[in-house]
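Close look at the chain arrangement
One letter stands for each residue in the lines below.
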Amino acid sequence: MGNLTDTNKANKKFNKEIKSGTAALALLGVLSRATEPMYGYQIAKHIEASSNDVTLIKQGALYPVLRSLESSGLLESEVEPSISGPPRRYYSITEGGREALGEWAEIWTQTKDFVDAILEGANND
Amino acid sequence: MIESVDEYLALLKEELEASDPATIQDALSDAEEHLRTVLEIELELHDDLSESEALPPIIVKYGTPEETAQAYKEIEARIPPALAQQKDVSGRSAISRFFSVISEPRAWGALLYMFFSIIAGLIYFTWAITGLSLSMSLMILIIGIPFLILFLVSIRTIALVEGRIIEALLGVRMPRRSVFTPTRVGWWEQLKSLFLERRTWGGIAYMLVQLPLGILYFTIFSVLLALSLGFILVPVSELGFHSPLFVINNTAYHSPIWLMPFVVIAGFIIFLATMHLAKFIGRMHGSLAKSLLIGI
């Protein structure tokens with residue numbers, strides 16, 4: 001029993017750690033392709049549509065990441081009132097954000113290849 | 001089972017209880033924006049659904065209040081406000097801590113704020129007094145009421161702007177976006193919340209108190225800066241321009257050469273102490289702003 005909760009905890013922790021960076025990368029990716037500023041729900045919907053129902057990250061967890069990307073200057077945002085609901089914050093990518101995306105994507109590919117190579121190697125043993 | 005957006009927000013607020021009030025305000029407005037937007041769309045698609053029926057699947061995708069709170073807490077822990085990155089100084093001696101203030105962006109920011117606050121104080125005070133007295137006196141006529149409402153709405157915007165300035169200069173975390181006022185509820189409810197919320201009256205109190213505080217800050221820091229700069233520049237003024245250190249009863253006193261290095265050093269020390277004082281007062285002012293401008 002104790003063992004099971006420990007594994008669960010470890011899974012959760014790993015999941016959390018791996019998500020924290022990838023969410024930022026994914027958000028930059030979405031916004032770099034957007035032709036006009038997008039608000040939170042649009043971004044969430046876009047991610048949902050392109051991820052084949054694999055919900056790696058809760059929509060609610062995207063917002064703090066958007067905010068943190070904005071505070072580090074990679075995104076910028078503007079609040080616009082909507083007709084019926086609350087005002088919406090529209091995000092768009094900055095020049096710095098595009099640069100960061102290029103570098104992050106490279107780091108991502110390298111990391112992915114590296115981890116894949118190691119895991120495949122482990123399987124062959 | 002969570003049956004309404006308001007209930008979700010209340011639970012989220014509870015989960016975030018120990019967090020910074022500014023984080024709470026941000027998290028609540030994000031959640032509100034998302035949930036209400038999706039709910040609107042769902043309700044339009046399915047006429048027969050009620051809010052309590054439509055909400056659960058939306059929350060499953062958005063995350064429970066607990067999960068959402070967790071996400072904000074993690075990010076908040078990683079990203080301190082702009083000038084708040086404080087190096088760990090606990091291991092260093094008191095003397096090196098005293099001198100290292102010169103390289104702290106927060107101390108420079110606070111010093112700048114001390115001079116800025118008098119201008120802001122003047123504008124805020126004038127705005128608040130004009131708004132209050134005009135709406136009170138126009139209250140005899142019916143036009144006083146819309147005037148008062150307009151004035152109270154302006155207070156919220158000013159509070160947000162002042163918060164951004166405080167976060168930038170003093171490094172105290174303040175709300176990064178305005179609080180959402182629901183448009184689904186009637187105008188009467190909105191009016192009531194405008195009058196009843198602590199935030200509105202706290203904002204007015206802050207605007208009034210900013211003037212005396214601004215004057216105080218400005219006076220203290222002008223005197224201290226003038227004093228320290230005067231001391232530091234003693235060799236230039238006395239040797240270069242032959243102006244005396246001070247004049248009493250028409251007798252000019254010059255400082256002897258041997259004293260000058262000490263005067264200059266004293267000037268630097270006063271300057272560093274001034275920066276420490278600015279940092280300290282900045283922190284105090286930040287917590288005052290926090291308690292008055294954030295209405296959670």
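Residue numbers here run from 1 along each chain, matching the order of that chain's written sequence. By the order in which they are written, chains take letters starting at A while ligands take numbers starting at 1. Confidence filtering applies because this is a predicted model: local features only for residues at pLDDT of at least 70, side-chain atom pairs given and counted only at 80 or more, and all residues used for totals across whole chains, interfaces and linings.

What follows is about the overall build of chain A. Strands are runs of DSSP state E lasting at least 2 residues, helices are runs of H or I lasting at least 4, and numbering of each runs from the N terminus. Check the secondary structure of chain A and you find four helices and three strands. Each helix and strand of chain A, ordered N terminal to C terminal, gives the series α-β-α-α-β-β-α. The exposure label follows from counting other C-beta atoms within 10 Å of a residue's C-beta, where the C-beta atoms are placed from the backbone and the thresholds are 20 or more for buried and 12 or fewer for exposed, leaving partly exposed in between. When burial is assessed residue by residue, chain A has 28% of its 125 residues classed as buried. Remark: residues whose backbone-derived C-beta atoms lie within 7 Å of one another are considered to be in contact. The long-range fraction of contacts in chain A, counting pairs at least 24 apart against all pairs at least 6 apart in sequence, stands at 52%.

To continue, consider the overall build of chain B. Broken down by element type, chain B carries eleven helices and two strands. Mapped in sequence order, the helices and strands of chain B form the string α-α-α-α-α-α-α-α-α-α-β-β-α. Taking all 296 residues of chain B together, the buried fraction comes to 31%. Across chain B, the fraction of contacts at a sequence separation of at least 24, relative to all contacts at a separation of at least 6, is 74%.

Residue and element names in this part refer to chain A. Being paired, for any two strands, means DSSP has found at least two bridges between them. Taken in spatial order, the three strands make up an open sheet running β1-β3-β2, and their pairing is antiparallel. The open sheet has two edge strands with one neighbour each: β1 (38–39) and β2 (75–80). Two strands pair when backbone bridges link them, and β2 and strand β3 (residues 88–93) are joined in this way by six bridges, in the antiparallel orientation. Each residue of the ladder has a partner; that of E78, found in β3, is Y90. Only the stretch in contact is used when fitting a helix axis, every axis being a line fitted to C-alpha atoms; angles between N-to-C directions are given from 0 to 180 degrees. The strands touched by helix α3 (residues 59–71) are β2 and β3; relative to β2, the strand with the most contacts, the crossing angle is about 115°.

A negative phi holds for most residues other than glycine; trans holds for most peptide bonds. Residue and element names in this part refer to chain B. With a phi close to 50°, N249 is a non-glycine residue in the positive phi region. Although it is not a glycine, N250 sits at a positive phi angle of roughly 65°. One can find N250 in the loop between β1 (246–248) and β2 (251–253). By C-beta crowding, N250 is classed as exposed, having 5 other C-beta atoms within 10 Å.

This next bit is on the environment of S222(B). Residue and element names in this part refer to chain B. In this fold, S222 is placed in helix α9 (residues 198–232). Accessibility expressed as a C-beta count within 10 Å gives 13 for S222, which makes it partly exposed. Put simply, S222 and M114 are 108 residues apart on the chain and 9.3 Å apart in space, counted from C-alpha to C-alpha.

Attention shifts here to the packing of helix α7 (residues 144–170) of chain B against helix α11 (residues 260–293) of chain B. Residue and element names in this part refer to chain B. Between α7 and α11, the least distance of the axes is 11 Å, while the angle of their chain directions is 155°. As judged from the angle between their axes, α7 and α11 are roughly antiparallel. Judged by the sense of rotation from one axis to the other, the crossing of α7 with α11 is left-handed. Only G282, H285, G286, A289 and L293 of α11 make contact with α7, whose side of the interface consists of A159, E162, G163, I166 and L170. Lys, Arg, Asp and Glu make up the charged group, whereas Ala, Val, Leu, Ile, Met, Phe, Trp, Tyr, Cys and Pro make up the nonpolar group; the residues left over, Gly among them, are polar. Class assignment for the residues of the contact of α7 with α11 results in five nonpolar, four polar and one charged. Working rule for angles: under 35 degrees goes down as roughly parallel, over 145 as roughly antiparallel, 65 to 115 as roughly perpendicular, anything else as oblique. Handedness of a helix crossing follows the sense of rotation of the near helix relative to the far helix, less than a right angle counterclockwise being left-handed and clockwise being right-handed.

Interface size is commonly expressed as the accessible area that is lost once the parts come together. Facing the 19 residues of chain A at the interface are 23 residues of chain B. Looking at the side of chain A that touches chain B, the elements that each hand over two or more residues are α2 (40–50), α3 and β3 of chain A. It is α3(A) that provides the largest number of residues to the side of chain A that touches chain B, a total of nine residues. Taken together, the residues of the side of chain A that touches chain B break down into eight nonpolar, seven polar and four charged.

The next point concerns the confidence of the model for chain A. Looking at any residue, its pLDDT shows the predictor's confidence there, from 0 to 100. When pLDDT is averaged across chain A, the result is 83; 90% of the residues are at 70 or more. Per-element confidence in chain A ranges from a low mean pLDDT of 80 for helix α1 (residues 2–33) of chain A to a high of 91 for β3(A).

Turning our eyes to something else, we now look at the pairing of β3(A). Bridge analysis of β1(A) against β3(A) gives two bridges, and the strand direction is antiparallel. Of the residues in β3(A), the one forming a bridge with M38(A) is Y91(A).

What follows covers α7(B). Residues and elements named next belong to chain B. Spanning 27 residues, α7 covers 37 Å between terminal C-alpha atoms, matching the ideal 39 Å at 1.5 Å per step. All of the buried residues in α7 are L152, I155, I158, A159, E162, G163, I166, E167, L169 and L170. Positive backbone phi, approximately 70°, marks G171, located one or two places after α7. Residue count minus one, scaled by 1.5 Å, sets the expected span of a helix.

A few words on the environment of Y217(B). All names here are of chain B. Here Y217 is to be found in helix α9. Using a count of 24 C-beta atoms within 10 Å as the deciding quantity, one classes Y217 as buried. C-alpha separation for the pair Y217 and G282, spaced 65 residues apart in sequence, amounts to 9.9 Å.

Moving on, we get to the nonpolar core. Working definition: the nonpolar core is a set of buried Ala, Val, Leu, Ile, Met, Phe, Trp, Tyr and Cys residues, joined through C-beta atoms within 7 Å. One finds A23(A), L27(A), L28(A), L62(A), V65(A), L66(A) and L69(A) to be the most contacted residues of the largest nonpolar core, which totals 41 residues. L62(A) has contacts with A23(A), L27(A), G40(A), I43(A), A44(A) and I57(A), leaving out every residue within four places of it along the chain. With 33 residues, the next largest nonpolar core counts I158(B), V172(B), L211(B) and Y217(B) among its residues.

Geometry of a packed helix pair, given as the angle between the helix axes and the separation of the axes. All names here are of chain B. Following both chains from N to C, one finds helix α1 (residues 5–15) and helix α2 (residues 21–45) inclined at 155°, their axes separated by 10 Å at the closest point. By the angle class used here, α1 and α2 are roughly antiparallel. You can see that α1 and α2 cross each other, and the crossing is right-handed. Residues V5, Y8, L9, L12 and K13 of α1 pack against I24, A27, L28, A31, E32, L35, R36 and L39 of α2. Each residue belonging to the contact of α1 with α2 can be placed in one class, and the counts come to ten nonpolar, no polar and three charged.

On to α9(B), then. The end-to-end C-alpha distance of α9(B), which contains 35 residues, comes to 47 Å, matching closely the 51 Å that a straight helix rising 1.5 Å per residue would cover. Bend, at a single residue, is the angle you get between axes fitted to the 7 residues ending at that residue and the 7 residues starting at it. Q210(B) marks where α9(B) bends most, by close to 35°; the proline P212(B) follows one to four residues later.

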